[in-house]
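# Observations on the model geometry
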Amino acid sequence: MIEKADQIFVLLSHWLVSFLPSALQPAAAVLLSVVAIIVTFPALFAISVLLERKGLGRMQNRYGPNRVGPYGIFQPVADGVKALIKEDIVPFRADAVVHFLAPVFLVVVVFMGYAVLPMGRNMTLVNMDAGLLFFFAIGASTELSVFMAGWSSRNKYSLLGAMRAVAQMISYEVPLLMSSVAVVMITGSLSLGKIVDAQNQYTYGFPHWYVFTPWGFAGFVLFAIAATAETNRSPFDLPEGESELVAGYFTEYSGFKFALFFLGEYVGMMGISGLAATLFLGGWSAPFSWLGWVPSWFWFFAKVMLAMCIFIWVRGTLPRLRQDQLMNFAWKFVLPLTLLNLIVAGLWRFMGEGWLRWLVCSAILLLAYTLMGRGGMRGDHIGPRSYRYAE
Amino acid sequence: MLGEGILKGLGETARNFVGSYVSAERLTTVQYPEERAPEIEATRDFPFLVYDGTDGEAGLRCVACQICEKECPPKCIYIVKSTDKKPDAFGKPQIYPTRFDIDISVCMSCQICVEVCPFEAIKMDTEFELSTTDRFGGLLYDRKELSKSNEYYHKIHPTEAAEVDARLAEEKVKADAKAKAAAAAAAAKAAAVPAQAPAHITPKPPVTAVEGDKQG
């Protein structure tokens, strides 16, 4: 029974495919999984948009949307209908082909990342040996789409937004990769399935998730920071900073193309949350061994939605960074710490079992964090401001 | 330590998030069409014309002196003066505006018309649900749409209306007294005229009469 609930989607897929001739079965199984992914994640996107609007409202002591349906739960439907019936305007001097391709490309690329994510036991679309590499290769292509959008719009705001986006995404791509390299070093595999298996063990009922080790915790935090920047989320939402750049690279998009950008952004966030969960939070494994009867796919989606809630929480809290702060933070703080974390992960691997490696690794990371935090803040002189005006 | 402020901020938003569900005073939103915020007495948006009594046509305090039309900075008032006189709410014959239009799409709610009106005839309204599908005709208010009773004025601006009423009553008492004195003087003069017909008499009594007239 428990086994059936765990494998319900796998069994369902097998059952549906069994109606077809055996020559078609492998292709049909893949197609079915693709359709399932393309249906599930936009549905989660709708839920997270509602969560975001309601949650942000509550954080600012207001109700949030509450007019469409009971408690406003049909707001995403209304938003979708609005996006569909709005006029699609392409600027007169825009590069129409690229302008059209940019949102399509973004959505395609963002969905491709899901191909390698293990969403449950036996629930990986393509169990690639270099799944992690594939995910990063695909994830980096979103930058191209962003730049296509900004460049083809022939609008200075769009272009500025795209320039910022590219600078930011390239800067944060490095720490994002570096922080996950530690996981690869410990696991010894680039396969996401193997990474989950390595974490799916329990001691005294507690899981062996990487986030519960010093290097894993540091890696997780650094990964989360870099992922927030990669997905252009607040406080790193400079590329679309609405107070400065109208809407950044998608200023000139309206109607359904805009909705596609929106969808791409959220689905991308969920993808990278899924990757974070896979790398550091044990993927589809249960948080306690006695919770093993809950289906594995539930844990994966619960972790993804939890990560989305944290994204929303952070967005409701932090103001936007300045461009130079953003760059300084990436190159002078996050990157050195990820490099140090690689060394710490190596130490952890070769110091063997015991309490000593806990002490040494934690001490190194804490010391580095404190010292670098002090050093980074030393330059800030917070005092009365002086203003100079152009004459 | 680095990151302390971020944690503090996250705590603050979490407190807001939970607090908005448990404490009503955090959630200050007034859900407008169903609920309404209490009206603020000092609020104002566009002018209206006050009338005394019950008949909005006859009771207008406005005597078409056109001061407001001249003083209006964006020139949104248009007045046509009548050629005849009609009795006002107190039965006194007065010149009246045959047309009194205010274009509220032009009006900037400066209240200057109210400041300059010597007859307390134009006041500021608080009605704000003025949306219309016709942005030209629908926002050009004529005399009929602008006329509102003194009771309405009392309802929206109680303090101010009470002051205005007291002032008007005081002036009325003064004017009545003056008119009475003038009438008495005129009567006395009329009685005296036959006796001193040839001599030219000081022109003082008529002047008083004129002053009394103006204030009334």
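Okay, so let's go over this structure. (Residues numbered from 1 in each chain as written. Chains lettered and ligands numbered in written order. Predicted model: local features only at pLDDT ≥ 70, side-chain atom pairs only at ≥ 80, totals over all residues. Heavy atoms only, no water.)

Moving on, we come to the overall build of chain A. A tally of regular secondary structure across chain A gives 15 helices and two strands. A globule of 391 residues ought to have a C-alpha radius of gyration of about 21 Å, and chain A, at 22 Å, matches this closely. Across its three principal directions, the C-alpha atoms of chain A cover 70 × 60 × 40 Å. By the burial criterion, 48% of the 391 residues in chain A qualify as buried. Pairs at least 24 residues apart make up 76% of the contacts formed inside chain A by residues separated by at least 6 positions. (Helix = DSSP H or I, 4+ residues; strand = E, 2+ residues; numbered from the N terminus. Rg over C-alpha atoms; globule rule 2.2 N^0.38 Å. Buried < 20%, exposed > 50% of the residue type's maximum accessible area, 1.4 Å probe, protein only. Contact = heavy atoms within 4.5 Å.)

Take the sheet that holds strand 3 (residues 93-103) of chain B next. Pairing in this open sheet of three strands is antiparallel, and the strands run 2-3-5 (chain B) from one edge to the other. With partners counted over all chains shown, the strands left at the sheet margins are strand 2 (77-87) and strand 5 (140-141) of chain B, one partner each. (Pairing = 2+ DSSP bridges.)

Residue and element names in this part refer to chain A. Tallied over the full model, the rule gives 16 salt bridges over all chains. Put simply, E52 and R315 hold a salt bridge, and the shortest N to O gap is 2.6 Å. Here E52 is found in helix 3 (residues 25-59), whereas its partner R315 is found in helix 13 (residues 296-317), with 263 residues between them in sequence. Among the residues examined, E52 registers a relative accessible area of 3% and is labelled buried. Note on R315: relative accessible area 34%, which makes it partly exposed. Between D79 and R53 there is a salt bridge, with its nearest N and O atoms 2.9 Å apart. (Salt bridge = Lys/Arg side-chain N within 4 Å of Asp/Glu carboxyl O.)

Turning our eyes to something else, we now look at the sheet that holds strand 1 (residues 47-51) of chain B. Residues and elements named next belong to chain B. Taken in spatial order, the three strands make up an open sheet running 4-1-6, and their pairing is mixed. In this open sheet, the two strands that pair with only one neighbour each are strand 4 (122-124) and strand 6 (147-149). The sheet shows a mean angle of 50° between the axes of neighbouring strands, direction not considered. (Axes fitted to C-alpha atoms, helices over the stretch in contact; angles between N-to-C directions.)

Tallying the contact residues gives 18 residues for chain A and 19 residues for chain B. Both faces considered, chain A and chain B share a buried interface measuring about 1800 Å² in area, 63% of it formed by carbon and sulfur atoms. Where chain A touches chain B, the interface holds one salt bridge. For A:R67, the salt bridge identified is with B:E34, shortest N-O distance 3.0 Å. Across the chain A-chain B interface, the total number found is nine residue pairs in polar contact (both at pLDDT 80 or more). Elements with a contribution of two residues or more to the side of chain A that touches chain B: helix 3, helix 13 and helix 15 (355-378) of chain A. Taken together, the residues of the side of chain A that touches chain B break down into eight nonpolar, seven polar and three charged. (Buried area = accessible area lost by both parts, 1.4 Å probe. Polar contact = N/O pair within 3.5 Å; in protein donor to acceptor, adjacent residues only side chain to side chain. Nonpolar A, V, L, I, M, F, W, Y, C, P; charged D, E, K, R; others polar.)

Another aspect to go through is the pairing of strand 1 of chain B. All names here are of chain B. Burial of strand 1 is extensive: five of the five residues sit out of reach of the surface. As judged from the three bridges shared by strand 1 and strand 4, these two strands associate in the antiparallel manner. Following the sheet pairing, L49 is matched in strand 4 by I122. Of the strand pairs in this sheet, strand 1 and strand 6 are connected by three bridges, and their pairing is parallel. Following the sheet pairing, V50 is matched in strand 6 by K148.

The subject of this paragraph is the packing of aromatic side chains. All told, the structure shown has 32 aromatic pairs over all chains when counted by the stated rule. Taken together, a centroid distance of 5.8 Å and an interplanar angle of 65° make the contact between A:F220 and A:F280 edge-to-face. With A:F220 in helix 10 (residues 214-230) and A:F280 in helix 12 (residues 255-280), this residue pair connects regions lying 60 residues apart in the sequence. Between A:Y253 and A:F261 the ring centres are 4.8 Å apart and the planes differ by 70°, which places this aromatic pair in the edge-to-face class. A:F261 matches A:Y253 in its accessibility class, with the two residues each being buried. Through pairs of rings, three or more aromatic residues link up here, namely A:F45, A:Y249, A:F250, A:Y253, A:F258, A:F261, A:F262 and A:Y266. Above the face of the B:Y21 ring, A:R58 is positioned so that its terminal group lies 4.0 Å from the ring centre. Over the face of the ring belonging to B:F48 we find B:K148, whose NZ or CZ atom lies 5.9 Å from the ring centre. (Phe/Tyr/Trp six-rings, centres within 6.5 Å; stacked < 30°, edge-to-face > 60°. Lys NZ or Arg CZ within 6 Å of the ring centre and 35° of its normal.)

All names here are of chain A. Residues Y71, I73, F74, V77, V81, L84, I85 and F256 make up a contiguous nonpolar surface patch of roughly 890 Å² in combined accessible area. The greatest single-element share of the nonpolar patch, amounting to four residues, is contributed by helix 4 (residues 75-85). Within the secondary structure layout, Y71 lies in the loop between helix 3 and helix 4. (Patch = residues over 30% accessible without salt bridge, like charges linked within 9 Å, V, L, I, M, F, W, Y side chains within 5 Å. Areas by Shrake-Rupley, 256 points an atom, 1.4 Å probe, with all protein chains shown as cover.)

Before going further, it helps to spend a moment on the packing of helix 6 (residues 131-140) of chain A against helix 7 (residues 142-152) of chain A. All names here are of chain A. Viewed as axis vectors pointing N to C, helix 6 and helix 7 meet at an angle of 5°, and their least axial separation amounts to 4 Å. If you check the angle between helix 6 and helix 7, you find them roughly parallel. Contacts between helix 6 and helix 7 involve I138, G139 and A140 from the former and T142, E143 and L144 from the latter. Residue classes in the contact of helix 6 with helix 7 are distributed as three nonpolar, two polar and one charged. (Parallel < 35°, antiparallel > 145°, perpendicular 65-115°, else oblique.)

This next bit is on the side chain of A:S171. Residue and element names in this part refer to chain A. Within the secondary structure, S171 sits in helix 8 (residues 156-187). In this structure S171 comes out as buried when scored by relative accessible area, which is 3%. In this structure the side chain of S171 is engaged in a polar contact, spanning 3.3 Å, whose partner is the side chain of W331. Setting aside chain neighbours within four positions, we find S171 in contact with M327, A330 and W331.

The next point concerns the side chain of A:Q168. All names here are of chain A. Residue position: Q168 is located in helix 8. Among the polar contacts listed, one links the side chain of Q168 to the side chain of N232, at a separation of 3.4 Å. Ignoring any residue separated from it by four or fewer positions in sequence, one finds Q168 in contact with A229, N232, F236, L238, P239, L326 and M327.

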